[in-house]
Amino acid sequence: MDDFDVLSVYERGWRFRDVLGQLDAAELAYVKQLASVYGSWLEVECERLQSACLKPGQDRDIEDAYAASGVVALIEALRGKFILDRCLGLSGRTALFASIVDFDVPNEVSLTLVNAPQNVRTFRGTLSPHGPEVLFDEIGSESFVFGHCYFDQAGMWVSIRPSDNSRAIKLAVYYDPRNKRVQCRQLRANQSKLVPMVAPEDELLFELVDAVGIHPSSDLNHIDCELIILLSGYVDEIEAVAERALSFGISPMELNHALSCVLGGSHSSIASKDLFLKGKARLTALLDQL
């Protein structure tokens, strides 16, 4: 295999990288070098792992984040009505970043394809002949440099450089079988621009449903707990979301236990301290009502 093929193997298998053991320093440096040459989102991922391996006091000559301007450029260039008609919306931390002032830059630009069993064929049929470029306005994306696009059963992802000399950002589309709502919302960086986003109440609802279904509760990871708390601080009425969760057949005791585990599983957030504290306060109050 040539270097590009090697990089493609790493990109496709990155989410399984911990299954057989951690990458050592030499392998991380090798993958980072390949990613830098070919413009892959793995460049930033490798830097994050290298940064996590630094000992206290060591020099930190690592840029372990995307420039906010690059992520904003990708989001602003999305074809709003086009992706709405295909049941796509910004989701997770990307949607929060697009909506909230001073929210930290996400690790990727993520969209969710809702009600995937009915919509995935149309989505893939649209992208197969045209590539991921079809998701963006022609004028807004004329400076973008696209990498190889991958599909699997979970979704699609591609590396995109907002410009020739910028670092590549991962754009990912995740398939979700649930029938979540997609709404057009204003971007906080450009209020004249409307972009489809998965309804935050629906995101929180199904995050809670999933949390209740995880056994043992200790398997809830920090990232999922943090997102639940952040969404709890963002939605208009958390009590209404809790009522919907109970209508799914979840008992108040099960929801109480899950929320207790969420609050105990995440103690801080660099994404948005204020939103995190607001979410924790809301969840604590909700616990008292259950």
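A. Examining the overall build of the protein chain more closely. The number of helices and strands found in the protein chain is 12 helices and seven strands. Over its C-alpha atoms the protein chain spans a radius of gyration of 20 Å, differing by no more than 12% from the 19 Å that the globule rule assigns to 290 residues. Dimensions along the principal axes, computed over C-alpha positions, put the protein chain at roughly 60 × 50 × 35 Å. Counting only residues that meet the buried cut, the protein chain has 48% of its 290 residues in that class. A sequence separation of at least 24 residues applies to 64% of the contacts in the protein chain between residues at least 6 apart. Accessible surface, the protein chain as shown: approximately 14500 Å² in total, 51% of it carbon and sulfur. In the protein chain, which carries 27 positive and 41 negative side-chain charges, the distance between the mean positions of the two groups comes to 3 Å.

B. Focus on a nonpolar patch on the surface. On the surface, a nonpolar cluster with roughly 270 Å² of combined accessible area is contributed by Phe4, Val37 and Tyr38. Mapped onto the elements of the fold, Val37 is located in helix α2 (residues 25-38).

C. Region of interest: the pairing of strand β5 (residues 169-175). Along β5, six of the seven residues are buried, which leaves the element largely enclosed by surrounding structure. Judged from the five bridges that link them, strand β2 (residues 109-113) and β5 form a sheet pairing that is parallel. Within β5, the position partnered with Val109 by the bridge is Leu171. Inspection of the sheet shows strand β4 (residues 155-161) paired to β5 by six bridges, in the antiparallel sense. Of the residues in β5, the one forming a bridge with Val158 is Leu171.

D. Representation of the packing of aromatic side chains within the structure. Under the definition given, this model contains eight aromatic pairs. For the ring pair Phe136 and Phe144, a centre distance of 5.5 Å and an interplane angle of 90° mean the geometry is edge-to-face. This pair shows no difference in class: Phe136 is buried, exactly as Phe144 is. Where Phe206 meets Phe248, the ring centres are 5.7 Å apart and the plane angle is 85°; that geometry is what we call edge-to-face. Remark: Phe248 occurs in the loop between α10 (238-246) and α11 (252-265) and Phe206 occurs in helix α8 (residues 200-213); sequence separation between them is 42 residues. Note on Phe248: relative accessible area 46%, which makes it partly exposed.

Reading the values: the criteria
- Residues numbered from 1 in each chain as written.
- Predicted model: local features only at pLDDT ≥ 70, side-chain atom pairs only at ≥ 80, totals over all residues.
- Heavy atoms only, no water.
- Helix = DSSP H or I, 4+ residues; strand = E, 2+ residues; numbered from the N terminus.
- Rg over C-alpha atoms; globule rule 2.2 N^0.38 Å.
- Buried < 20%, exposed > 50% of the residue type's maximum accessible area, 1.4 Å probe, protein only.
- Contact = heavy atoms within 4.5 Å.
- Areas by Shrake-Rupley, 256 points an atom, 1.4 Å probe, with all protein chains shown as cover.
- Lys, Arg positive; Asp, Glu negative; His and termini not counted.
- Charge placed at Lys NZ, Arg CZ, Asp CG, Glu CD.
- Patch = residues over 30% accessible without salt bridge, like charges linked within 9 Å, V, L, I, M, F, W, Y side chains within 5 Å.
- Salt bridge = Lys/Arg side-chain N within 4 Å of Asp/Glu carboxyl O.
- Pairing = 2+ DSSP bridges.
- Phe/Tyr/Trp six-rings, centres within 6.5 Å; stacked < 30°, edge-to-face > 60°.

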